[in-house]
Amino acid sequence: MLGFFVLAFLLSPDARAESSYWKNYFSSEERKAVVKNAEKYTIKEIKTKSKKWKGIIRGYNIKNGTISDEDIKDNGISTDKISGLRDYVNEKIQGSSTPQDFSADNLTGTYAALDGSQITGLNPGNISIGSLNLGGGTFTAGALSVGDITSSGRFDTITMYSANGPIINVKHPDFGAIGNGLADDTIAIQTALDTAGINSTTVFLPKGIYRVSNLNVPSNVIVQGEGQNSTIIKLLNSATGNCLSVGDSNNVIIRDLQLDGNRVNNSTNGDSADSNWNGIWVNGATDIIIERVYSRSNGYHGIIMVNVSRIRVIDCHFEDNGYRPIHGHAGVYDVIIRGCQVAENGKGFANQGATPYDGIFFFDNVRRLVLSDNVIRGVTGSNPAIEVGGIKTGTTGSSHITIKNNIIDGNSISDGYGISLTGPELTDVIISGNVFTNILRGILAVDNYGVTTGMRFSITGNTFENCTSGILFYGGISKSIINGNVFDMETRGFGIKVKNLSQSTISGNTFTNAGTWTPSVGNDCIILEGTSVHNVITGNLFHNDSVGHCANYGVNENSATCNYNYITGNHYYQMVTANNRIQGANTQAGIDGTFVDVDGSTIGIANGIITSKTAP
Amino acid sequence: MNKKITIISISLVALAIIFFGVWKWSSPKKITPPKSTLIQYKETSPESKKEITAWQKYENDKYHFQINYPNNWHIFTDEAKTDLTELTLQDNEIAKQGGTVFWSNEDNIDYTQENKPEDFLLLGMMVYEKTNTNLDDFAKLLGFTQELQSSSVIFKATNLEGKEYISLGATEKDPRVAIIFQKNNNFYVFHLGFIGDNQENLKVMEGIVGSLSLK
């Protein structure tokens, strides 16, 4: 047989160098050499030689697969037995950026029933969250079994990081945070934050206690924890600064974590010497959201914001901070504080006395501030639960302030203020729907440093209960309304006391047992002082539970310079001897009110105003 | 009497044979165990694929293919874009051939069989055109025949599948090996020259061929 192939081996007589020579060699001469070998050796020798070379060539990287005839007929074919299938599928899945056309619809017969249940042995190590792409399709949770997830499957051990991925886990080996409450995780977390800043991604802190010193949060980063009591960022002993600093950064979100300033080991006085130790220090920043953060035990403030705009503090908790829970000054624009729990802050402030609790504080150029739905407890001394204004002469006034639906529960009726409005040029203020209880004064507009002046105040729908006094405005406001409030004074003090009020309305308020049990001038339902002119006081209810006690006057015009006040249509019940006290030269015609069971025996008229009336 | 007995006995034996035959014919056939077909194929390992991706790249826009080769190898393309011309293969079969490219571990291939360096490696690729021919038949025309103890194994390149053919040695030292891919009437033939019995040489050449991608 081999003789058929026995040909003379001839070297090419015109063999040339370079490609032409070797082309001829491979095309022709090599084959001739094979034939020559076949002639040279016996079949046995040829087989031996062939076997050796085939062994070498086949020995390298050979893959085997088998397909059984029976498999094809009855039981289907395992995918590992189908040559090329893996490449085909990979090409389909990875090789195109366009929607794939690899569809179950293309499967026929038995395979048309494939629904995923046939997939077994899936290795979790091959599942990458970062590459999971639902493609806008529907992911039905009902098909997802979580029964096999163990404690090691928590977020803290799942690799949730890629160089450009959406989430960076600080415990990923690339960063190496420990979170055991002992190790210094400053460098690890700061590296994660810086990396996130480059890629505009989220830094995720799994459950744990991370000991740090002065972390800086760059722009375009979300700092995400697992919950207020699960992810705790706690300052090291002798830390150099804030828990988190957001300086000149924009578009930052901080949420679901606790910031523990560890003030016992850093700063305990809460005074200016401790101003470097805050929960979050926000300076020169815009578009910041602080959400579900528990800021506690910081040496100075829970959150301090200076020269900021568009800040939202939502559903946070502040407690045991050395000075204030939230403090803002020197330019605070477009800020919302909502749904926060505030209690027992300012305990470290040495200047505030033995139990010096302080509250939320904004001053000096505050514009467009909303404080709503907060619960603030335990302010004491001369501290307010909420203070907004300019605080002293020389600072810029504030405007467009809304304080609504807060509950302010003081420490006792002998100290603490609910809302304090301070400084000059305070305008466009709405205070509505708040509850004041267990506190010295509900709303205060008096400034220890200067005169609190302002206009366009709308104080409506508030409730004052168990307070020593309701509202005290002692600077001078105009174009305002104090309407629809309830003063249940419980024989403690006045309801409303205003100085230099003008062009305003006090109407529809209910006063019960204002004043003290033994009536005295100055403990009345409404007191006008200074130069209060051109006001309307109407439709109010002045009610004492017992004749001869409590409020001395329904309206006490307690200054000869009051004028042009229109007092009418009020209802007086069981008042003391004189129901209105008119000292000013009111020139308006007197309009009566309704007088029931009053103590006066005659109708008194002063300057045209009915001041008292015998009961019918 | 004895004759009768003999006839009866023979008849009984004959009947027994007939009954046995009928029974055997009518009984269920024995089920033959399913046959399995062994498929062997070669592909580049994932580790090698990484290395190969980092190699230098050659693209041929005339014959529409792309291939990688090691950074310390050299390419010779003086006939890489020649037109296909006719040549006669075994059994006087006519085909067209052209587009020859060579790769070598040496920086020139200006040698002959006699004076080439000891460690000289040469990988040659040629494009053929042959109508109405399948891969195995075409390999036979190149000399990879059963008579010469030739055999083949499936070989996977980047986006197509071919076969690696092995035959007897071209010389005393080197086997004759070619990897052939078919796309329609075109055949891309790679000759693996002078690999001897060195698997590393084989690995490099198979790595080059395995990176072939047709556009």
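Structure: see above.
Report follows, based on the coordinates. (Residues numbered from 1 in each chain as written. Chains lettered and ligands numbered in written order. Predicted model: local features only at pLDDT ≥ 70, side-chain atom pairs only at ≥ 80, totals over all residues.)

### Section: the overall build of chain A
- Looking only at helices and strands, chain A features five helices and 43 strands.
- Out of the 616 residues belonging to chain A, those deemed buried represent 43%.
- For chain A, long-range pairs separated by at least 24 residues make up 68% of all intrachain contacts whose partners lie at least 6 apart in sequence. (Helix = DSSP H or I, 4+ residues; strand = E, 2+ residues; numbered from the N terminus. Buried ≥ 20, exposed ≤ 12 C-beta atoms within 10 Å, placed from the backbone. Contact = placed C-beta atoms within 7 Å.)

### Structural notes on the environment of N483 of chain A
- Summarising the element assignment, N483 of chain A is placed in strand β29 (residues 481–483).
- Leaving out residues up to four positions away in the same chain, N483 of chain A has contacts with T460, T505, S507, G508 and N509 of chain A.

### Things to note about the nonpolar core
- Counting residues in hydrophobic clusters, the biggest one holds 109 residues, and the most contacted among them are V203, I280 and V282 of chain A.
- If near-sequence neighbours (up to four positions away) are discounted, V203 of chain A is found in contact with I168, V170, A192, L193, A196, V221, I222, V223 and Q224 of chain A.
- Counting 47 residues, the second-largest nonpolar core is a separate cluster that includes Y25 of chain A together with Y69, M126 and A157 of chain B. (Core = buried A, V, L, I, M, F, W, Y, C linked by C-beta atoms within 7 Å.)

### Re helix α5 (residues 186–199) of chain A
Residue and element names in this part refer to chain A.
- Helix length check: α5, at 14 residues, gives a terminal C-alpha distance of 20 Å against a target of 20 Å (1.5 Å per residue), a fit within 8%.
- Taken residue by residue, α5 has A188, I189, Q190, A192, L193 and A196 as its buried positions.
- The secondary structure elements touched by the buried residues of α5 are β2 (167–169), β4 (202–204), β5 (208–212), β6 (215–216) and β7 (221–224). (Expected span 1.5 Å × (residues − 1).)

### Quick word on unusual backbone geometry
- A positive phi angle, near 55°, is found at N405 of chain A, a position not held by glycine.
- In the Ramachandran plot, F194 of chain B falls in the positive-phi region, its phi being about 65° despite a non-glycine side chain.
- Structurally, F194 of chain B can be placed in the loop between β11 (186–193) and α4 (199–210).
- Judged by local crowding, F194 of chain B falls into the buried class, with 23 C-beta atoms found within 10 Å.

### Considerations on the pairing of strand β13 (residues 303–314) of chain A
All names here are of chain A.
- Of the strand pairs in this sheet, strand β11 (residues 280–283) and β13 are connected by four bridges, and their pairing is parallel. Looking at β13, one finds that I280 is bridged to I303.
- Sheet analysis places strand β12 (residues 286–296) next to β13, joined by five bridges and oriented parallel. Bridge pairing in β13 links E291 to I314.
- Pairing of β13 with strand β15 (residues 326–338) involves 10 bridges; the strand directions are parallel. Counted as the bridge partner of M305 is G328 from β15. (Pairing = 2+ DSSP bridges.)

### As for the sheet that holds strand β2 (residues 56–60) of chain B
Residues and elements named next belong to chain B.
- Spatially, the three strands line up as an open sheet ordered β2-β3-β12, and their pairing is antiparallel. Edge positions in the open sheet fall to β2 and β12 (213–214), since each of these has one partner strand only.
- In this sheet, strand β3 (residues 65–69) lies alongside β2 in antiparallel orientation, the contact comprising five bridges. Residue pairing for β3: N60 is matched across the bridge by F65.

These values are about where atoms sit, not about what they do.
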